[in-house]
Each structure stands twice: as C-alpha cells, then as structure tokens.
Amino acid sequence: MTSSTGTHPARYPGAASQPGQDNWQVGPHNRWTFAHLGEIVPTAAITRRFPAAPAVATERLDALGLPGLTQRLEETYTDAFLVLHGNDVIAEYYRPGFAPDDLHLVMSISKSLCGLVIGALIDAGGIVPSARVVDYVPELAGSAYDGPTIQHVLDMAIELNYSENYGDPASEVQTHDRSAGWRTRREGDPEDTYAFLTTLTGDGTVGNFQYCSANTDVLAWIIERVTGLRYSEALSKHLWSKLDADRDATITVDPAGFGFANGGVSCTARDLARVGRLMLDDGEGPGGRVVSAEWVQSILAGGDKEAMKDASFTTIHHEGSYTRQWWCTGNGRGNITGIGIHGQYLWIDPPSDTVIVKLSTWPEPESGHLHTLQNQLLLDVSRTMDHNTLSGASTTEPESKETAA
C-alpha cells in the first residue's frame, strides 16, 4: 500500500486501501476485517471457562527453597513468575485473577524479540549490519537515521532528539504512543508510526548508547522492506512459529496496520520462557533454527561497556552493556535480559541453564527501588539453581496445546 512513507505490506492480498473505522463493514474490506476485528475495534474475550481466572494466587514455589519468596513477588507487583530449568518448569506463581494461559503485555521485551528476527535475516544474508538504514528505507532520508547503520540501530548507539520520559505529554515517546494508537491522538500528530519515524532528528552522532524506542520500530520497518511481510507476519515466520508455543502471541497495530515492535507484544509466561530456552540452546528452537549460535554468543558476550551511558542500568549493573536489543548485565554469571517498563523481565542464566520470567504491573513505568528488589530476586533464584539438584522436586513439562490453548 502506498503513502507518503512509501509502500508497505497490505493487510490482505489485493487491498487497494486501508480498512478503518468508517469502512470496515463494507466489501471488499469485510472479507478480511470480519476475521480480524481486533485490529479495527477494541475487543474483549468471552472466556470458555467461568470464572476465567483464579480468585487466589496459583503457587508452585517449594522446589526453589527460598524463604519469603511469595512476599517478595507480591511486593514487586508480580502477575506471573516462572522458572524454567532445562525443559522443566520448576516453579510458577500467578497472582489472583491471572491464569497461566493468560496473555500479558511484555512491553520492551518486545525489542529483544525484534532483535532475533533481525538476527535471522542477517544470518540469511537479507540484511547487512554495516549497511545504512536509508539503504533499506530511503523514506528516512533527512531524519536522524540518515547515516547510521543497521548495527548502530540494533545497539541503540545513535544520539537522537527523543525523550523517553513516559510521564511527559510533550515527550517524543508520548507522540510515538499517540501515532501508534496507544494514546488519544492530538491535532498535528503523525498519522501512523511510519510517519512519526520520519520526523525524528539528531546531530548524526553515533557510538554512545541512548535508549530510544523508535529504533526498534525502524528495525521493524526494515524487516517489512526486506521480507515483504507485515511485521506481525515476519515475527511469526522467523520466531514464534519455531518455538512450539502453547498460544498465539499478539501485537498492537497502528492505523496503518504496522505492529508496535518496540513494546506491543503480549504472550503467556510459559511461551516467553521458550524464547529464553531458544537463547540457551544457541538459537535452535523446536521448530527449527531462528538465529545462528554466533548471534546468540555475541549477545552473551555483551556489548560495548564504554558506550553504555545509562546510569539507571549501570547503578545496578556496573559492568553492564547493550547489544542487539538485549541488556547484558556484565556480572560474573553472564546474565542477559529483556526488560520492559512496569516490571517485565526475561532473565537468562547460562551457568545454571535456567530461564526466569517475571511479568509485573508496577504502578509507575520505572522505579529504581523496584528494579533493585527485582534484580536481587532474580539473582537469588539463579544462585539457588546452582545448588539445587531438584532431585525429587515436582517438575512439569510445558503444558500441551490441548490443555493450555
């Protein structure tokens, strides 16, 4: 489909225009919208079970042997917590009202998923990391992305005029949200995410870390150009379909149908743990290879510590870095993690072959206090897994699709 930002993948074959609120009931759009209404109108689930969620917390934590763990989960606003050791689920916790097969927004862990799709395309030769962004998306000429390379975007090593202050209505991140349909639009806002990305400016400086959610959406735009698929379809083809996931994930879309790659994915805790398992298995999933072992090892090795200028991260992780859309702690355990605001963590612990998922709903987007508590909890669980042989412990394989779908 054609707009001022170029040609983008259509929502359905042969589409001549975008379906929207005023024409979704009219043919030919209704051939597609009647089966994809959630992309046009907000929808609510009508659950096949009633009550749909437990009235009390679901807990299976004894195998970890950590005193006070339930209280620590509760005081950090945990909705779902899961420990995967090898292929066995060792421990789980779900707060009252949240069920094991419920989807949860993972916020910026979505960025780490996008980084894996980019890795798959780089491994296949479809993307050259040293190439310029505008070699793939010429519509970004004249923006902050006119000059930097794909690798700069992957590592968030570009200085942009972009405030990530989630509480400031004048910040670029809030304009970004409005363009993506996450907030009420204002007069003069870009019509969609593609258009928003073309407005970003900077002085062309590269090399130092600056956390910027727009970078991930630029990567998703590149993915669309290289594959000819909508970003949601590319995420399915190159990652989700290879995990043997129990449930489909979801991603929010903007008025153009562009997936909000930087923070819009929702999934179950168990399926997110499968992404961590993929990393510990050197990029190989049950349904096939996603990325090369070299791609995974480059993330586990960490990024450029000298480039890391984010004090909120280095205050906790003194040797921390960022690379390929993953946070690298630089600690003695070599932990890497995907992190999302309001307390989302996908924590990978190579020494104990363990993945920890913690999905939360902190009252505020960021909290140094809660980050400190949460990181200590993750480290304590990781260390417990070193010494816990789990002999005789109650473990389970990931649920079958029949019981979890």
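Residues numbered from 1 in each chain as written. Predicted model: local features only at pLDDT ≥ 70, side-chain atom pairs only at ≥ 80, totals over all residues. Heavy atoms only, no water.

Thoughts on the nonpolar core
Okay, so step 1: Counting 107 residues, the largest nonpolar core has Phe81 and Tyr145 as its most contacted members.
Okay, so step 2: Residues within four places of Tyr145 in sequence aside, it is in contact with Val133, Val134, Leu140, Val153, Ile158, Leu160, Leu197, Leu200, Cys212, Ala214, Asn215 and Val218. (Core = buried A, V, L, I, M, F, W, Y, C linked by side-chain atoms within 4.5 Å. Buried < 20%, exposed > 50% of the residue type's maximum accessible area, 1.4 Å probe, protein only. Contact = heavy atoms within 4.5 Å.)

Here we look at the sheet that holds strand S8 (residues 265-267)
Okay, so step 1: Reading across the sheet, the three strands line up as S6-S8-S7 and stay open at both edges, with antiparallel pairing between neighbours. The open sheet has two free edges, formed respectively by strand S6 (104-105) and strand S7 (250-251), since each of these has just one partner strand.
Okay, so step 2: Relative to S8, S7 runs antiparallel, the two being bridged by two bridges. For Thr250, the partnering residue across the bridge sits in S8 and is Ser266. (Pairing = 2+ DSSP bridges. Helix = DSSP H or I, 4+ residues; strand = E, 2+ residues; numbered from the N terminus.)

Regarding the sheet that holds strand S5 (residues 88-94)
Okay, so step 1: Reading across the sheet, the eight strands line up as S3-S5-S4-S15-S14-S13-S12-S11 and stay open at both edges, with antiparallel pairing between neighbours. If you trace the sheet from one side to the other, it starts and ends with strand S3 (58-60) and strand S11 (321-323), each paired once. Here the average twist between neighbouring strands, direction ignored, is 20°.
Okay, so step 2: Judged from the six bridges that link them, strand S4 (residues 78-85) and S5 form a sheet pairing that is antiparallel. Note on S5: the bridge partner recorded for Leu84 is Val89.
Okay, so step 3: Strands S11, strand S12 (326-328), strand S13 (336-340) and strand S14 (344-349) of the sheet are contacted by helix H3 (residues 109-123), whose axis makes an angle of about 125° with S13.
Okay, so step 4: The strands touched by helix H10 (residues 269-280) are S3, S4, S5, S12, S13, S14 and strand S15 (354-360); relative to S15, the strand with the most contacts, the crossing angle is about 145°. (Axes fitted to C-alpha atoms, helices over the stretch in contact; angles between N-to-C directions.)

Quick word on the environment of Ala269
Okay, so step 1: Topologically, Ala269 is positioned in helix H10.
Okay, so step 2: Residues Ala269 and Pro100, spaced 169 residues apart in sequence, show a C-alpha to C-alpha distance of 7.3 Å.
Okay, so step 3: If we ignore the near neighbours within four places in the chain, the residues touching Ala269 are Ala80, Leu82, Tyr94, Val357 and Leu359.

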